[in-house]
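Observations on the three-dimensional arrangement
Listed below are the residues making up each chain.
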2 protein chains.
Amino acid sequence: MAVYTRLGAEEMAAIVEAFDVGALISAKGIAEGVSNSNWLIETQQAEASRRFILTVYESRTDITELPFFLDLLDHLAARGCPVPRTMHDRDGASHRLIDTPEGQKALALIEYLPGVSVSEPTVGQARAVGAALAQIHLASADFPMERANSLDLPAWQQLLGDCGHEGLASIDTGLAALVERELPTLASQWPSDLPRGVIHADLFTDNVLMLGDTVTGLIDFYFACTDMLAYDVAVTHSAWCFSNDGTRFDAALSNALIEGYESVRPLSAAERAALPVLARGAAVRFLSTRAYDWLNTPEDALVTPKDPMAFARRLEFYADPANHGIFGA
Amino acid sequence: MAVYTRLGAEEMAAIVEAFDVGALISAKGIAEGVSNSNWLIETQQAEASRRFILTVYESRTDITELPFFLDLLDHLAARGCPVPRTMHDRDGASHRLIDTPEGQKALALIEYLPGVSVSEPTVGQARAVGAALAQIHLASADFPMERANSLDLPAWQQLLGDCGHEGLASIDTGLAALVERELPTLASQWPSDLPRGVIHADLFTDNVLMLGDTVTGLIDFYFACTDMLAYDVAVTHSAWCFSNDGTRFDAALSNALIEGYESVRPLSAAERAALPVLARGAAVRFLSTRAYDWLNTPEDALVTPKDPMAFARRLEFYADPANHGIFGA
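Just so it is clear, the model here is predicted, and its values are computed rather than measured.

**Section: the overall build of chain A**
The helix and strand inventory of chain A stands at nine helices and 10 strands. Counting only residues that meet the buried cut, chain A has 57% of its 329 residues in that class. Counting only contacts in chain A whose residues sit at least 6 apart along the sequence, the fraction spanning at least 24 positions is 72%. Here chain A holds 23 positive side-chain charges and 44 negative ones, and the gap between their average locations is 3 Å.

**Describing the pattern of salt bridges**
All chains considered together, the criterion is met by 32 salt bridges over all chains. Here R181 of chain A and E182 of chain A are joined by a salt bridge, their closest N and O atoms 3.4 Å apart. Take E182 of chain A: its relative accessible area is 1%, and that puts it in the buried class. A salt bridge links D20 of chain B to R90 of chain B, with the shortest nitrogen-to-oxygen separation between them at 3.7 Å. Remark: R90 of chain B occurs in the loop between β4 (86-87) and β5 (96-100) and D20 of chain B occurs in the loop between α1 (9-17) and β1 (23-30); sequence separation between them is 70 residues.

**A look at the relation of the copies chain B and chain A**
Its rotation angle being 180 degrees, the transformation that places chain B on chain A also includes 0.0 Å of axial translation and leaves an RMSD of 0.0 Å. Seen this way, the second copy is the image of the first under a two-fold rotation axis. Of the C-alpha atoms belonging to chain B, the one lying closest to the rotation axis is found on I30 of chain B, 2.0 Å away. The fraction of interface residues of chain B whose copies in chain A are also interface residues reaches 100%, indicating that both copies meet through the same surface.

**Focus on the pairing of β5 of chain B**
Residue and element names in this part refer to chain B. Here β5 pairs with strand β6 (residues 103-111) via five bridges, running antiparallel. What sits directly across from T100, in β6, is G103. Here β5 hands over to β6 after two residues, the two strands then running antiparallel side by side.

**A look at the domain arrangement of chain A**
Residues and elements named next belong to chain A. The domains assigned to chain A are domain 1 (9-111) and domain 2 (123-327). Here the C-alpha centroids of domain 1 and domain 2 sit 28 Å apart. With 18 residues of domain 1 at the contact, the number on the domain 2 side is 20 residues. In this assembly, domain 1 and domain 2 are joined by two salt bridges. Here D142 and R79 are joined by a salt bridge, their closest N and O atoms 3.2 Å apart. Among the elements that make up the side of domain 1 that touches domain 2, the one with the highest residue count is helix α2 (residues 66-78) (eight residues). In the side of domain 1 that touches domain 2, the residues fall into 12 nonpolar, three polar and three charged.

**Structural notes on the interface of chain B and chain A**
At the junction of the two partners, chain B supplies 30 residues and chain A supplies 30 residues. With a shortest N-O distance of 2.9 Å, R51 of chain A and E42 of chain B are connected by a salt bridge. Connecting chain B to chain A are 14 residue pairs in polar contact (both at pLDDT 80 or more). Counting only elements with at least two residues in the side of chain B that touches chain A, the list comes to α1, β1, β2 (37-45), β3 (48-56) and β8 (208-211) of chain B. Take the side of chain B that touches chain A: its biggest share by element is seven residues, from β1 of chain B.

**Section: empty space enclosed by the protein**
Under the defined criterion, the tally for this structure stands at two cavities of 30 Å³ or more. As a volume, the largest cavity reaches approximately 60 Å³. Taken together, N149, S150, L151, A201, F223, Y231 and R285 of chain B make up the full set of residues lining the largest cavity. As for the second largest cavity, its lining consists of S26, L40, I41, E42 and R51 of chain A together with L40, R51 and Y112 of chain B. Residue composition of the lining of the second largest cavity, grouped by class: four nonpolar, one polar and three charged.

**Describing the packing of helix α3 (residues 123-139) of chain B against helix α6 (residues 229-240) of chain B**
Residue and element names in this part refer to chain B. The interhelical angle for the contact between α3 and α6, taken along N-to-C directions, is 155 degrees, at an axis separation of 11 Å. With respect to α6, the element α3 is oriented roughly antiparallel. Handedness of the crossing formed by α3 with α6: right-handed. Between α3 and α6, the residues in contact are V129, L133 and H137 and L229, D232, V233, T236 and W240, respectively. Split into classes, the residues belonging to the contact of α3 with α6 amount to five nonpolar, two polar and one charged.

**Thoughts on the packing of aromatic side chains**
Counted by the stated rule, this structure contains 32 aromatic pairs over all chains. Consider the rings of F69 of chain A and Y222 of chain A, whose centres lie 5.3 Å apart with planes at 80 degrees: the pair is edge-to-face. Placement of the pair is F69 of chain A in helix α2 and Y222 of chain A in the loop between β9 (214-218) and β10 (225-228), with a sequence separation of 153 residues. Residue Y222 of chain A is classed as partly exposed on the basis of its relative accessible area of 22%. One aromatic cluster is present, built from ring pairs that chain together Y57, F68, F69, F143 and Y222 of chain A. Across from the ring centre of F311 of chain A, 4.1 Å away, lies the NZ or CZ of R314 of chain A, which sits over that ring. A cation over an aromatic ring shows up here: R285 of chain B above the ring of F223 of chain B, its NZ or CZ 5.4 Å from the ring centre.

**Quick look at the side chain of H200 of chain A**
All names here are of chain A. Mapped onto the elements of the fold, H200 is located in the loop between β7 (196-199) and β8 (208-211). Given the relative accessible area of 0%, H200 is considered buried. Of the polar contacts made by the side chain of H200, one reaches the backbone oxygen of I219; its length is 2.9 Å. Beyond its immediate chain neighbours, meaning those up to four positions away, H200 contacts I136, N207, I219, D220, F221, F223, A224 and D232.

**Some words on helix α4 (residues 153-171) of chain B**
All names here are of chain B. End to end, α4 covers just 21 Å across 19 residues, shorter than the expected 27 Å (1.5 Å per residue, more than 12% under). The largest bend along α4 reaches roughly 85 degrees and is located at G164. Taken residue by residue, α4 has L153, A155, W156, L159, L160, C163, G167, L168 and I171 as its buried positions. Its buried side turned inward, α4 meets α5 (175-189), α6, α8 (269-296) and α9 (309-319).

**Looking at the pairing of strand β9 (residues 214-218) of chain B**
All names here are of chain B. The buried fraction of β9 amounts to four of the five residues, a majority that puts the element mostly inside the structure. Two elements, β8 and β9, share four bridges in a ladder whose sense is antiparallel. For M210, the partnering residue across the bridge sits in β9 and is V215. The hairpin turn running from β8 into β9, its antiparallel successor, is two residues long, and G212 in that turn takes a positive phi close to 60 degrees.

**Quick look at the packing of helix α6 (residues 229-240) of chain A against helix α7 (residues 251-264) of chain A**
Residue and element names in this part refer to chain A. At a minimum axis separation of 10 Å, α6 and α7 run at an interaxial angle of 150 degrees. Between α6 and α7, the crossing angle belongs to the class labelled roughly antiparallel. The element α6 and its partner α7 pack so that their crossing is right-handed. Here α6 contributes L229, V233, T236, H237 and W240 to the contact with α7, which in turn contributes L253, S254, L257, I258 and Y261.

Rules used throughout
Residues numbered from 1 in each chain as written. Chains lettered and ligands numbered in written order. Predicted model: local features only at pLDDT ≥ 70, side-chain atom pairs only at ≥ 80, totals over all residues. Heavy atoms only, no water. Helix = DSSP H or I, 4+ residues; strand = E, 2+ residues; numbered from the N terminus. Buried < 20%, exposed > 50% of the residue type's maximum accessible area, 1.4 Å probe, protein only. Contact = heavy atoms within 4.5 Å. Lys, Arg positive; Asp, Glu negative; His and termini not counted. Charge placed at Lys NZ, Arg CZ, Asp CG, Glu CD. Salt bridge = Lys/Arg side-chain N within 4 Å of Asp/Glu carboxyl O. Least-squares fit on C-alpha atoms with pLDDT ≥ 70 in both. Pairing = 2+ DSSP bridges. Domains from an automatic or database assignment. Nonpolar A, V, L, I, M, F, W, Y, C, P; charged D, E, K, R; others polar. Polar contact = N/O pair within 3.5 Å; in protein donor to acceptor, adjacent residues only side chain to side chain. 1 Å grid on protein atoms, 1.4 Å probe; cavity = no way out; pocket = protein on both sides within 12 Å on 5 of 7 lines; lining within 4 Å. Points joined across faces, edges and corners; volume = space filled by probe spheres on them. Axes fitted to C-alpha atoms, helices over the stretch in contact; angles between N-to-C directions. Parallel < 35°, antiparallel > 145°, perpendicular 65-115°, else oblique. Left-handed = near helix turned anticlockwise from the far one by under 90°. Phe/Tyr/Trp six-rings, centres within 6.5 Å; stacked < 30°, edge-to-face > 60°. Lys NZ or Arg CZ within 6 Å of the ring centre and 35° of its normal. Expected span 1.5 Å × (residues − 1). Bend = angle between axes of the 7 residues up to and from the residue.

Below, the structure is given as structure tokens:
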């Protein structure tokens, strides 16, 4: 949510020059991304104005994982998915290293896409996002790289264990009991035999650019990994079908999201049957990182931690057998 | 340096709709400006893509002063100065009010200009900035509004008095003595009879957009006020003609800046003779706010305070009679 690396205009011009994209016309640091520095860059090439996002990866990004993220964008864009392409430098590399006062950092130049992130999605928008998600699931079937999901069930157990019973109880009196009931259920019921592939794993509204009902860009693939495709449907469902605070479920958005997905990639019977438990897992995934950050963010930090209870409420909703029918028969 | 106000895509679209500038295509929060929230906005109108900066004014900006700042941009742009125009809404207003969770705030939509802010200016760039400064001084001669300089000599005395002898000494052992020597000198020698007009008063490299040696935009007029024109020359000189830390004066940049200015608006003999004391005042102006912020910024604040000593060094330089010839005979 900030620009951590300082780059003078002269350094910025030299970076852009390393890519064959024209001369630097403008560079504005943008307040996006969780932990990297980003600029909106404009260049002039022949008569055309071109735009890109320049990302400098800060310490939380493992540089050895960049080829997975950046090659994936190229793979998906080449197959017609609405994702930004990675620009390659004059030597063909998808990312470069620069020296900064804080040490060497990696950077990448990524295509700029139009569109805005909605905060109150409509049914038409939920349907379009479902379809776009299915499109990347199909298009990544022949992507040759793999990346383990670092935020899987053992990771949630670890994070929530680190929070501790008292830590969870300090967030909300009922939270420890909820977690202690859910984790064993997930451990015993978590599926292992569903179709796998590349998943986005974080498709919140912030990470979808839209114009009207059209998805113009899926962005921020830095949680993408190899896991069950239906789990990605569950993650997206938890992100799109509730009010932010998790108190209100919207059945119309839910139906539209699933319909949109199935218009491109129908769910198997096994996937559909697993969606309730996958959705509980998705809720626990965000609950676990939010609870951990809630307890471990210094009070004077730059970022306000997000409310873990927003996903505890989703978890209660998904865990209620009365709601298991929301994903269809 | 951040986006303080949250605006959803739907709110953003409604804001843009109030101006007759086409439909919202993209909005990116940008990490610019000292204390307001800014977005780079793209719209589509007929076949044309248009771009703007949307500013939401936060609590440090006095809304009653916006007409001065915003009308000034229109006045200067209409006279061919490289400043962004203010877009007016469908009712002709230069700014609008919106309701936010933190209360009502004002916003303005301002033309986007290409260009980047240099960090190591060349002689050609310093000359161009001098000329652009003189251009706004001439073009604002018939601007009908006035605004007092809230950071004038009494304000510096107040700020440095608030820092206190011990506070200043805690920044640097020699700083209190330097300030106690300079303030009486300025009080007795500060000119009062030089040509006055609208001055930018903060023309650092950050506030100048350039492409090569061409000034494409002077921006961030939120310190603009009515004061001596030659004082603005001195402020700009202190900003452009030294290394950031104030240890190295660059005579070539200094000569180019003054030459550039005089190519558009020659300095009178009285103005030239006053430049050494005006430059000492400019150095004290930035020293005073930086010293105050240095002593009053909590250690855990979002912003790192700027080093006051960078302007103490400029002050020592300007106060040295050996350097009074740098502004010409």
